[in-house]
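So the chains spell out like this:
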Amino acid sequence: MSVRPHGGGNNTTAGAPVELADVSKSFGGVQVLKPLRLALVPGEMLALLGPSGCGKTTTLRLIAGFEAPDTGSIRVAGRDVTGLPPNKRGLGMVFQNYSLFPHMTVGENVAFGLRMRRTGRAEKARRVREMLATVRLDGYEDRLIHQLSGGQQQRIALARALATSPSVLLLDEPLGALDKNLRERMQFELRDIQRRLGITSILVTHDQEEALTMSDRVAVMAHGEVLQVGRPTEVYDRPLTRFVSEFLGTANIFAAVVTGANGPNRWSVALDAQPHAAGTVESPAALAPGQRVTLAVRPERLSLGPPTDGTVRATVRDVVFRGTYFAYELTASGQPQPVFAYTQLRQPVAADAAVGLSWEPGGAVILQDTA
Amino acid sequence: MRRVRPYRLARPSWCVPVIAYLLVFFVIPLIANLLRSRPVDAAIGGGPFFYYVKLLTDPYYAGVLLETTKVALITTFVCLLVGYPVAYFMVRFAGRWNALIVFCVVAPLLTSIIMRTFGWRVLLARRGVLNAWLLDWGLITRPFELADQPIAVYIGLVHVLVPFMVLSINAVLQGIDVQLEDSARVLGAGRLRTFWHVTLPLSVDGIATGCILVFVLTNGSFLTMLLLGGGRITTLSLLIYQQFSTTQDVGFAAAMGNVLMLVALLGFLLQFRLLRRRGVKP
Ligand SMILES: Nc1ncnc2c1ncn2[C@@H]1O[C@H](COP(=O)(O)OP(=O)(O)O)[C@@H](O)[C@H]1O
Ligand SMILES: [Mg+2]
């Protein structure tokens, strides 16, 4: 089916679909958003990922027009909307708890935006049918909201937001209220609809898996700041800071010192905890021998082997089968925090066995902050 | 075998004192009143409904009935107009001032009706505070008589009844998720249309409850009419008071009381049905 956004989405205008320029916001003297710069690429799904309370919803509400920024400006489709009320911004929004109108039928809910635009009766009915087909709820026009399941309500909320062909779709933890299985199904469905319509979207979530699987780009937020923006693999494999590294998944953090160059963009490092253990890291920036660095190594990048020279000596504390992999909890001497390693196959090691840990050169990244 | 009864905090038997109390002091008097409304003197003729027929057909009494309805409707309408914005403000904007506003709204109910009513007389009288101010500011050249006028009755009634409206609407508005209004805004509705299409329809229950309460309570008030109306507004309840205190026509007063009772019952029946209709919702 080919449903393209029309009307509101003016793609000929120059400029990003959404652009925040130095937007900041305080509530009662507390700065909730530090001056924020963010520009969306047409047609992309950008995930705004961060822990609860970091300012994701506030960012979305600023874009939607429910809050006015203290500083900076907001542009939608090249137009400055900073002073416009929400109803003049031509956006679509899906709230976490769906927020469907309980006194209206499914059809009336989906038609609400069109009714506000005084769309003709026939066009309205056609569009409602089209949107219900898009979310695979054909023929649900006359149902009442409370007769729908959570997943169905979610889809109706999506259909309602899309019915007016908004230029940008804002999703505030849209799947947060669904149970795990349904959430995973809806992730694919939502992503599929977004791609099919080619609608630029911002997805707010605190679930790193959801952000990584659903989006074209991830913006990691903390304490009212965007720390890093990039493709999911980029932020996962090349986190800039310890926070990003740890928020996107488990990470083993090692303090180390650079011992020398080791090929193009490669450097040898010695761990503080075990100076005899050598490793290689990739870094696009030049490093000086003797420089102190902080390394992050993902558990799946660590391999377990015999405790040979140059490996990180560790003792197995626990093994947990996690369905698709085995998670090893280890202690490395000199390292206060436990070390985690994930392997596809069970390793022939017993509890309390001494092992050696190592990683491929691309497996470790240098973080910008100190340990 | 012993049947295991589910544990319940309250037992049906706990209702007995209340039911007994209501029976003795409420149901029995009502039945007595019903009987009393029949003419005692069979010589009058006209059967058991003589007083009711008189109430509905005699031009004077029919006029009073009409005026009662008019006063109740106007009071209800003014209470709604005054009360809705107050309730809306309380729920959406007052925040921590909410408690203070609730106190201010409820305050008239805590004052004795005599004090409250005479307070209004002091404010509204020809030589009262209001007239003094208006004269001082040069807005009027001659003092108005505001007490002993219908307007004084309406002011007094709205003053004491508006809390019922505010609290009824307030309760329902509190249950309306602000995000529903936000959703309407993003979908292109301005403030006014958001109110009209979302907030208002969702608060209909509170409006209905408040209106029925105020309507029934207005029908039952007579002190405000007596003390502020200066004889210019005669409603059924005032008439009952007069029948009892001056003409002592107990039978007729009982009949009028029963009519008022019927109106009140109809009001609560209506409200009951509204609640039941809503009850379909989970
Ligand atoms: N209207 C408001 N008034 C005061 N504080 C607010 C308001 N909205 C949000 N905050 C505060 O701003 C911070 C960020 O909130 P929010 O944007 O909702 O976070 P997130 O969506 O990332 O969980 C929180 O500390 C929250 O308490
Ligand atoms: Mg939030």
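Residues numbered from 1 in each chain as written. Chains lettered and ligands numbered in written order. Predicted model: local features only at pLDDT ≥ 70, side-chain atom pairs only at ≥ 80, totals over all residues. Heavy atoms only, no water.

1. Describing the packing of aromatic side chains
Inference 1: Here the structure, examined in full by the defined rule, presents 17 aromatic pairs over all chains.
Inference 2: Centre to centre, the rings of phenylalanine 101 of chain A and phenylalanine 112 of chain A are 4.7 Å apart; their planes meet at 55°, and the pair counts as tilted. A residue pair is termed long-range when its members are at least 10 positions apart, and phenylalanine 101 of chain A in the loop between strand S6 (91–94) and helix H2 (106–116) and phenylalanine 112 of chain A in helix H2 qualify at 11 residues.
Inference 3: Considering the side-chain rings of phenylalanine 254 of chain A and tryptophan 359 of chain A, the 6.1 Å spacing of their centres and the 15° angle between planes classify their relative orientation as stacked. Of the two residues, phenylalanine 254 of chain A sits in strand S11 (residues 252–261) while tryptophan 359 of chain A sits in strand S19 (residues 354–359), which places them 105 residues apart along the sequence.
Inference 4: In this structure an aromatic cluster arises from ring pairing among Phe50, Tyr51, Tyr60, Tyr61 and Phe252 of chain B.
Inference 5: A cation over an aromatic ring shows up here: arginine 143 of chain A above the ring of tyrosine 140 of chain A, its NZ or CZ 4.3 Å from the ring centre.
Inference 6: Sitting above the plane of the tyrosine 236 of chain A ring, arginine 298 of chain A keeps its charged end 4.1 Å from the centroid. (Phe/Tyr/Trp six-rings, centres within 6.5 Å; stacked < 30°, edge-to-face > 60°. Helix = DSSP H or I, 4+ residues; strand = E, 2+ residues; numbered from the N terminus. Lys NZ or Arg CZ within 6 Å of the ring centre and 35° of its normal.)

2. Remarks on the sheet that holds strand S20 (residues 364–367) of chain A
All names here are of chain A.
Inference 1: A sheet is described by the order of its strands in space; here five strands give the open sequence S13-S12-S11-S14-S20, paired in antiparallel fashion. Both edges of this open sheet fall to strand S13 (278–282) and S20, since each of them pairs with a single strand only. The average undirected angle you get between the axes of adjacent strands in this sheet is 50°.
Inference 2: As paired elements, S11 and strand S14 (residues 292–297) share six bridges and run antiparallel to each other. Bridging across to S14, isoleucine 253 finds its partner in alanine 296. (Pairing = 2+ DSSP bridges. Axes fitted to C-alpha atoms, helices over the stretch in contact; angles between N-to-C directions.)

3. A word on the interface of chain A and chain B
Inference 1: Between chain A and chain B, the contact holds 24 residues from the first and 19 residues from the second.
Inference 2: Of the roughly 2,000 Å² buried between chain A and chain B, counting both surfaces, carbon and sulfur atoms make up 62%.
Inference 3: When the area that chain A buries against chain B is broken down by residue, the three leading residues are Asn87, His103 and Met116 of chain A, summing to 27%.
Inference 4: At the surface where chain A touches chain B, the tally comes to one salt bridge.
Inference 5: Across the salt bridge formed by arginine 61 of chain A and aspartate 182 of chain B, the nearest N and O atoms sit 3.1 Å from each other.
Inference 6: The interface formed by chain A and chain B holds 10 residue pairs in polar contact (both at pLDDT 80 or more) in total.
Inference 7: Mapped onto the side of chain A that touches chain B, the elements with two or more residues apiece are S6 and H2 of chain A.
Inference 8: Its residues assigned to classes, the side of chain A that touches chain B shows 12 nonpolar, seven polar and five charged. (Contact = heavy atoms within 4.5 Å. Buried area = accessible area lost by both parts, 1.4 Å probe. Salt bridge = Lys/Arg side-chain N within 4 Å of Asp/Glu carboxyl O. Polar contact = N/O pair within 3.5 Å; in protein donor to acceptor, adjacent residues only side chain to side chain. Nonpolar A, V, L, I, M, F, W, Y, C, P; charged D, E, K, R; others polar.)

4. Some points on the confidence of the model for chain A
Inference 1: Averaged over all residues, the pLDDT of chain A is 90; the fraction at 70 or higher stands at 96%.
Inference 2: In the predicted structure, residues 1–13 of chain A sits below a pLDDT of 50 and forms 21 contacts with residues beyond four places in sequence or in another chain. (pLDDT = per-residue confidence, 0-100.)

5. Some words on a nonpolar patch on the surface
Residues and elements named next belong to chain B.
Inference 1: A cluster of nonpolar side chains, contributed by Val18, Tyr21, Leu22, Leu23, Val24, Phe25, Phe26, Val27, Ile28, Ile31 and Leu35, occupies part of the molecular surface with about 1,100 Å² of accessible area.
Inference 2: When you line up the elements, leucine 35 lands in helix H1 (residues 16–36).
Inference 3: Overall, the relative accessible area of 54% leaves leucine 35 in the exposed class. (Patch = residues over 30% accessible without salt bridge, like charges linked within 9 Å, V, L, I, M, F, W, Y side chains within 5 Å. Areas by Shrake-Rupley, 256 points an atom, 1.4 Å probe, with all protein chains shown as cover. Buried < 20%, exposed > 50% of the residue type's maximum accessible area, 1.4 Å probe, protein only.)

6. What to know about unusual backbone geometry
Residues and elements named next belong to chain A.
Inference 1: The phi torsion at aspartate 22 lies on the positive side, around 50°, for a residue other than glycine.
Inference 2: Of note, aspartate 22 is situated in strand S1 (residues 18–27).
Inference 3: In the Ramachandran plot, alanine 77 falls in the positive-phi region, its phi being about 50° despite a non-glycine side chain.
Inference 4: Checked against the element boundaries, alanine 77 lands in the loop between strand S4 (71–76) and strand S5 (79–80).
Inference 5: Residue class for alanine 77 comes out buried when judged on its relative accessible area of 17%.

7. Quick word on the domain arrangement of chain A
Residue and element names in this part refer to chain A.
Inference 1: Along its sequence, chain A is organised into domain 1 (18–241) and domain 2 (250–366).
Inference 2: Each of domain 1 and domain 2 has a C-alpha centre, and the two are 39 Å apart.
Inference 3: Opposite the four residues of domain 1 that make contact, domain 2 presents eight residues.
Inference 4: Roughly 530 Å² of surface becomes buried between domain 1 and domain 2 when both sides are summed, with 36% attributable to carbon and sulfur atoms.
Inference 5: For domain 1, the biggest contributors to the area lost against domain 2 are Tyr236, Arg238 and Pro239; these three give 81% of the whole.
Inference 6: At the boundary of domain 1 and domain 2, one finds two salt bridges.
Inference 7: A salt bridge links glutamate 282 to arginine 238; its shortest N-O distance comes to 3.3 Å.
Inference 8: Run the count over domain 1 and domain 2 and you get three residue pairs in polar contact (both at pLDDT 80 or more).
Inference 9: By residue class, the composition of the side of domain 1 that touches domain 2 is two nonpolar, no polar and two charged. (Domains from an automatic or database assignment.)

8. Describing the sheet that holds S5 of chain A
All names here are of chain A.
Inference 1: Across the sheet, which stays open at both edges, the four strands sit in the order S2-S1-S4-S5 with antiparallel pairing between neighbours. Here the strands that pair on one side only, and so sit at the sheet edges, are strand S2 (30–39) and S5.
Inference 2: In this sheet, S2 lies alongside S1 in antiparallel orientation, the contact comprising six bridges. Bridge pairing links leucine 20 to leucine 38 in S2.
Inference 3: Contacts from helix H1 (residues 56–64) reach S1, S2 and S4, with the element oriented near 120° to S1.

9. Some points on the site of ligand 1
Residues and elements named next belong to chain A.
Inference 1: Neighbouring ligand 1 are Phe27, Val32, Pro51, Ser52, Gly53, Cys54, Gly55, Lys56, Thr57 and Thr58.
Inference 2: Cysteine 54 has a polar backbone atom sitting 3.2 Å from an oxygen atom of ligand 1.
Inference 3: One of the backbone N or O atoms of glycine 55 is found 3.0 Å from an oxygen atom in ligand 1.
Inference 4: Relative to its free-state accessible area of 560 Å², ligand 1 is covered by the protein chains to the extent of 56%.
Inference 5: With three residues, H1 is the single largest residue contributor to the shell around ligand 1.
Inference 6: Classifying every residue of the shell around ligand 1 by side-chain character gives four nonpolar, five polar and one charged. (Near = heavy atom within 4 Å.)

10. Digging into helix H3 (residues 121–134) of chain A
All names here are of chain A.
Inference 1: Across its 14 residues, H3 extends 20 Å between first and last C-alpha, which sits within 8% of the 20 Å expected from 1.5 Å per residue.
Inference 2: Regarding H3, the residues found buried are Arg127, Val128, Glu130, Met131, Leu132 and Thr134.
Inference 3: In the segment just after H3, arginine 136 is the residue with positive phi, at about 55°. (Expected span 1.5 Å × (residues − 1).)

11. Structural notes on helix H4 (residues 150–162) of chain A
Inference 1: Helix length check: H4 of chain A, at 13 residues, gives a terminal C-alpha distance of 18 Å against a target of 18 Å (1.5 Å per residue), a fit within 8%.
Inference 2: With 12 of 13 residues buried, H4 of chain A is to be regarded as a mostly interior element.
Inference 3: Of all the residues in H4 of chain A, the buried ones are Gly151, Gln152, Gln153, Gln154, Arg155, Ile156, Ala157, Leu158, Ala159, Arg160, Ala161 and Leu162 of chain A.
Inference 4: Looking at the buried residues of H4 of chain A, the elements they touch are S6, H2, H3, strand S7 (168–172) and helix H5 (180–197) of chain A together with helix H8 (178–186) of chain B.

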